[in-house]
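Notes for the structure review
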Amino acid sequence: MENHIFQYQKEETDLKEFITEYLEENEAFIREYSLEIGLYAEEGAALMMDRGAFKRILDNLLTNSIRYREKNQSRIEIRVQKKEGRIFWSVADDGPGVAENCLEKIFESFCRLDEARSHCSEGSGLGLAIVKRIVTDHQGSIYARDRVGLEICMEFSEV
């Protein structure tokens, strides 16, 4: 991905329909890891995307939520909103959150958070760096914020 040799197969896709299909396809995984997922999405939020790459975004975000949680189950909220030709997509969990000084660093290759998500430490963390690369390669922007847990916010141009 870094060398830009990778070629995306982009197609116009409704984000709500895509996420709904993803959740249905991964129902066993969601049940196995005791994930309660709420989807709050507007209809007709279409963008040009590579479906496989966007599956990887969701895979990485759900895996991180499981990895850093402090209890046996997790609540994850996925939101899709349209506003003025833009699509806003966020994935938030109810985990321990991330320290304010790490919110930008978590998207860097090899920046890994400790088990409590309380500070950055070196490791082999690539998940959020890959997510950022996919979003950027789709002409989107991404940032994180600490709410009741970690929220990853992405913004794209609507088709």
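Computed from a predicted structure; not experimentally measured.

Analysis parameters
- Residues numbered from 1 in each chain as written.
- Predicted model: local features only at pLDDT ≥ 70, side-chain atom pairs only at ≥ 80, totals over all residues.
- Heavy atoms only, no water.
- Helix = DSSP H or I, 4+ residues; strand = E, 2+ residues; numbered from the N terminus.
- Contact = heavy atoms within 4.5 Å.
- Areas by Shrake-Rupley, 256 points an atom, 1.4 Å probe, with all protein chains shown as cover.
- Pairing = 2+ DSSP bridges.
- Axes fitted to C-alpha atoms, helices over the stretch in contact; angles between N-to-C directions.
- Buried < 20%, exposed > 50% of the residue type's maximum accessible area, 1.4 Å probe, protein only.
- Parallel < 35°, antiparallel > 145°, perpendicular 65-115°, else oblique.
- Left-handed = near helix turned anticlockwise from the far one by under 90°.
- Nonpolar A, V, L, I, M, F, W, Y, C, P; charged D, E, K, R; others polar.

The secondary structure content of the protein amounts to 4 helices and 9 strands. At a minimum sequence separation of 6, the contacts of the protein that also span at least 24 residues come to 67%. As displayed, the protein offers around 8600 Å² of accessible surface, 45% of which is attributable to carbon and sulfur atoms.

What follows deals with the sheet that holds strand E4 (residues 74-83). Here we have 5 strands laid out as an open sheet, ordered E2-E4-E5-E9-E8, and mixed in their pairing. Bordering the open sheet on either side are strand E2 (35-41) and strand E8 (141-146), each of which pairs with just one other strand. The mean angle between the axes of side-by-side strands here comes to 15 degrees, regardless of whether they run parallel or antiparallel. Pairing analysis gives 8 bridges linking E4 to strand E5 (residues 86-93), with the strands arranged antiparallel. Bridge assignment links Gln 81 to a residue of E5, and that residue is Phe 88. Sitting on the sheet, helix H4 (residues 127-137) touches E8 and strand E9 (150-157), and the angle it makes with E8 is about 140 degrees.

The subject of this paragraph is the pairing of E9. Buried residues dominate E9, accounting for 6 of its 8 residues. As paired strands, E8 and E9 are joined by 6 bridges and run antiparallel to one another. The residue of E9 that forms the bridge with Ile 142 is Met 154. Following E8, the chain reverses through 3 residues before pairing antiparallel with E9.

Looking now at the packing of helix H1 (residues 15-25) against helix H3 (residues 51-68). Helix packing for two helices is described by the angle between their axes and how far apart those axes are. Viewed as axis vectors pointing N to C, H1 and H3 meet at an angle of 60 degrees, and their least axial separation amounts to 11 Å. As summarised for this structure, H1 and H3 are arranged oblique, according to the angle between their axes. In this structure, H1 meets H3 at a crossing whose hand is right-handed. Between H1 and H3, the residues in contact are Leu 15, Phe 18, Ile 19, Glu 21, Tyr 22 and Glu 25 and Arg 51, Phe 54, Lys 55, Leu 58, Asp 59 and Leu 62, respectively. Across the contact of H1 with H3, the residue classes break down as 7 nonpolar, no polar and 5 charged.

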